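Breakdown of the fold
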Amino acid sequence: MNATSPGPGTTIVIDLGKTLSKVSLWTATGHMLDRQARPNAPVMIDGLARLDVHGIGDWLIAAIARYAAHPVATIIPVGHGAGAVPLNAQGLAVAPLDYEQPIPAAIMAAYRTQRDPFAITGSPALPDGLNVGSQLWWLEQDYPDAMAGSTLLPWAQYWAWFLTGQAVSEVSSLGCHSDLWCPATGDFSPMARRLGWAGRFAPMAQAGDVVGTLTPSISAATGLPAAVTVRAGLHDSKAA
């Protein structure tokens, strides 16, 4: 689809799912002007399947650069709920796991002893890395030093950080069968607090909150104005 000339204040939605990354351009009245998509595939690092952070990032910059001639006002990221990205001052502290990467039986068994009951979190015990807590548990076994000093972001909010340099977390991402959230109290789960993860997730924001504007490097690479705002974003299924 070729983008047509929009009215003022268009919005870019970036939808970074498991199988596809998608970018779309919308008018203020909800009319889609353009859509681009990229198939996702895991990358192998240290013999483990990881989310293709760098490949998606390169594609995303090129995709939103197509809209540089449009009056883009804001960008909203959405993403799947089974990803967590550890950051340090340089960027990625550890490459995030693909949630279909099988977790060794002994590591999973040890993790299962840490989980809170379903009645507390609403998270069933899921296979592989579908419970984000199991991914964090495994990464801490393999990369203890890098993980210890990292700030944790849900997958959707990683992309808000990618665009703005501002790190936040958001409830619909944290509450997606992660083992990390307690819906009844609106707070982190007892396990997340006991293991120190609650204090390492970036501060909470509402999905529609503006977390910042484009960094100078993203603005230069895309041709979009530095004043474009970026929202915190949310879990893709809940957005739908």
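The following refers to the structure shown. Just so we're clear, the structure is a prediction, and the values are computed from it rather than from any experiment.

Let us now look at the packing of helix α1 (residues 53-65) against helix α6 (residues 155-164). At a minimum axis distance of 12 Å, the contact between α1 and α6 shows a crossing angle of 55 degrees. Compared by their axis directions, α1 and α6 come out oblique. Here α1 and α6 pass one another in a crossing that is right-handed. Taking contact as the criterion, the partners of Val-53, Ile-56, Gly-57, Leu-60, Ile-61 and Ile-64 in α1 are, on α6, Trp-155, Tyr-158, Trp-159, Phe-162 and Leu-163. Counted by class, the contact of α1 with α6 contains 10 nonpolar, one polar and no charged residues.

Within the secondary structure, Ile-75 is located in strand β6 (residues 72-79). Note on Ile-75: relative accessible area 0%, which makes it buried. Between the C-alpha atoms of Ile-75 and Gly-196, which are 121 residues apart in sequence, the distance is 32 Å. Beyond its immediate sequence surroundings of up to four residues, Ile-75 is in contact with Ile-12, Ile-14, Ile-64, Leu-163, Leu-214, Leu-224, Val-228, Thr-229, Val-230 and Arg-231.

Okay, the sheet that holds strand β9 (residues 151-154) next. Spatially, three strands are ordered β8-β7-β9 in an open sheet, and the strand pairing comes out antiparallel. Unpaired on one side and paired on the other, β8 (91-92) and β9 mark the two borders of the sheet. Relative to β9, strand β7 (residues 84-88) is paired through four bridges, and the arrangement is antiparallel. The residue of β9 that forms the bridge with Val-85 is Leu-153.

Next up on the list: the pairing of β6. Of all eight residues that make up β6, six are buried, and the element is covered over most of its length. Where strand β1 (residues 10-16) meets β6, seven bridges bridge the pair, whose relative direction is parallel. Directly across from Val-13, in β6, lies its bridge partner Ile-76. Pairing geometry for β6 and strand β13 (residues 229-231), over two bridges, is parallel. Looking at the pairing, Ile-75 lines up with Val-230 of β13. Judged from the two bridges that link them, β6 and strand β14 (residues 234-235) form a sheet pairing that is parallel.

Next up on the list: the packing of helix α2 (residues 105-112) against helix α4 (residues 132-142). Each packed pair of helices is defined by two parameters, the angle between the axes and the distance between the axes. Taken N-terminus to C-terminus, the directions of α2 and α4 make an angle of 120 degrees; their axes are 10 Å apart at the nearest point. Crossing hand, α2 versus α4: right-handed. Of α4, the residues touching α2 (which contributes Ile-107, Met-108, Ala-110 and Tyr-111) are Gly-133, Ser-134, Trp-137 and Trp-138. Residue composition of the contact of α2 with α4, grouped by class: six nonpolar, two polar and no charged.

What counts and what doesn't
- Residues numbered from 1 in each chain as written.
- Predicted model: local features only at pLDDT ≥ 70, side-chain atom pairs only at ≥ 80, totals over all residues.
- Heavy atoms only, no water.
- Axes fitted to C-alpha atoms, helices over the stretch in contact; angles between N-to-C directions.
- Helix = DSSP H or I, 4+ residues; strand = E, 2+ residues; numbered from the N terminus.
- Parallel < 35°, antiparallel > 145°, perpendicular 65-115°, else oblique.
- Left-handed = near helix turned anticlockwise from the far one by under 90°.
- Contact = heavy atoms within 4.5 Å.
- Nonpolar A, V, L, I, M, F, W, Y, C, P; charged D, E, K, R; others polar.
- Buried < 20%, exposed > 50% of the residue type's maximum accessible area, 1.4 Å probe, protein only.
- Pairing = 2+ DSSP bridges.

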